[in-house]
Amino acid sequence: MSVRAPEELDSAVRDSLGADRAQYGLCAFLSLLGVLVILDAGQIVHLTSSNDPIGPRPVPMILGVLLLVVAPVYAVDVARGGRGEPETGEDIDLSTRIDWRTVLLLIGVFAVNAVLIDRLGWVISGALLFWGSAFALGSRHYVRDLAIAVTLSLVTFYGFAVGLGVNLPAGVLQGIL
């Protein structure tokens, strides 16, 4: 068993407190977010109907209160020395570099989808989104991926329209779908 010198002990205590500043910052952020959610939920107009007797206000209020409860509980855990487990990486090698090509391709695909969804509609932009994501993640079965992408975008389009009553933009296919 080794005994640390007092200056080493002070350094270790300072390092552990400094390392936890970010955790306390997260606690403060959660508290602030909880207050903002509650204040914003208070601005929601209370509308009720026979289908929804409680209205839209309770869910964000509950979430805001839960954020305000979690923040001090987390702060107490950090103060007692609680630390999360370091990422083990499961089946990946953490020493490898980030594949920036894949990341940038995915960002590009999402940006193209955001720009084209109103002009072309969900079915076309969603198919491009799904196909482009498969391409960016390494799939090289272009025709099969395109067929799956078109099927996914059509299923989600009609799932939202029929199942949820939410109309996604039809774009150039307006009147056809």
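Residues numbered from 1 in each chain as written. Predicted model: local features only at pLDDT ≥ 70, side-chain atom pairs only at ≥ 80, totals over all residues. Heavy atoms only, no water.

All right, on to helix α3 (residues 58-79) then. Between the first and last C-alpha of α3 there are 32 Å, a value that for 22 residues agrees with the 32 Å anticipated at 1.5 Å per step. Where the residues of α3 are buried, they touch α2 (21-42). Phi turns positive, to about 95 degrees, at G81, one or two residues after α3. (Helix = DSSP H or I, 4+ residues; strand = E, 2+ residues; numbered from the N terminus. Expected span 1.5 Å × (residues − 1). Contact = heavy atoms within 4.5 Å.)

To continue, consider helix α4 (residues 100-120). With 21 residues, α4 should reach 30 Å at 1.5 Å per residue; the first-to-last C-alpha distance of 28 Å fits that figure. At A114, α4 shows its strongest bend, of approximately 30 degrees. Against α5 (122-136) lie the buried residues of α4. Positive backbone phi, approximately 95 degrees, marks G121, located one or two places after α4. (Bend = angle between axes of the 7 residues up to and from the residue.)

All right, on to the pattern of salt bridges then. Tallied over the full model, the rule gives one salt bridge. Between D145 and R144 there is a salt bridge, with the nearest N and O atoms lying 3.7 Å from each other. The exposure class of R144 is partly exposed, given its relative accessible area of 46%. (Salt bridge = Lys/Arg side-chain N within 4 Å of Asp/Glu carboxyl O. Buried < 20%, exposed > 50% of the residue type's maximum accessible area, 1.4 Å probe, protein only.)

What follows concerns the packing of α2 against α3. Where α2 meets α3, the closest approach of the two axes is 8 Å, and the angle between their N-to-C directions is 165 degrees. In terms of their interaxial angle, α2 and α3 are classed as roughly antiparallel. The hand of the α2/α3 crossing is left-handed. Taken together, the residues of the contact of α2 with α3 break down into 20 nonpolar, five polar and no charged. (Axes fitted to C-alpha atoms, helices over the stretch in contact; angles between N-to-C directions. Parallel < 35°, antiparallel > 145°, perpendicular 65-115°, else oblique. Left-handed = near helix turned anticlockwise from the far one by under 90°. Nonpolar A, V, L, I, M, F, W, Y, C, P; charged D, E, K, R; others polar.)

Taken as a whole and assessed by the stated rule, the structure comprises five aromatic pairs. Plain terms: the ring middles of W131 and Y142 are 6.4 Å apart, the flat faces sit at 50 degrees to each other, and that makes the pair tilted. With W131 in helix α5 and Y142 in helix α6 (residues 142-164), this residue pair connects regions lying eleven residues apart in the sequence. According to the relative accessible area criterion, W131 is partly exposed, its value standing at 27%. We classify Y142 as partly exposed; its relative accessible area is 43%. An angle of 85 degrees between the planes, with centres 5.3 Å apart, marks the rings of F157 and Y158 as edge-to-face. Put simply, the rings of W131, F135 and Y142 touch in pairs and so form one group of aromatic residues. One cation-aromatic arrangement involves R140 over F135; the distance from NZ or CZ to the ring centre is 4.2 Å. (Phe/Tyr/Trp six-rings, centres within 6.5 Å; stacked < 30°, edge-to-face > 60°. Lys NZ or Arg CZ within 6 Å of the ring centre and 35° of its normal.)

Moving on, we come to the nonpolar core. Core analysis: the biggest nonpolar cluster contains eight residues, these being V109, I117, W122, V123, L129, F157, A170 and L173. Residue assignment for this core shows that the elements contributing at least two residues are α4 and α5. Element by element, the count of residues in this core is highest for α5, at three residues. Among residues more than four places away in sequence, those in contact with I117 are W122, S125 and P169. (Core = buried A, V, L, I, M, F, W, Y, C linked by side-chain atoms within 4.5 Å.)

These results come straight from atomic positions and should not be treated as a statement about function.
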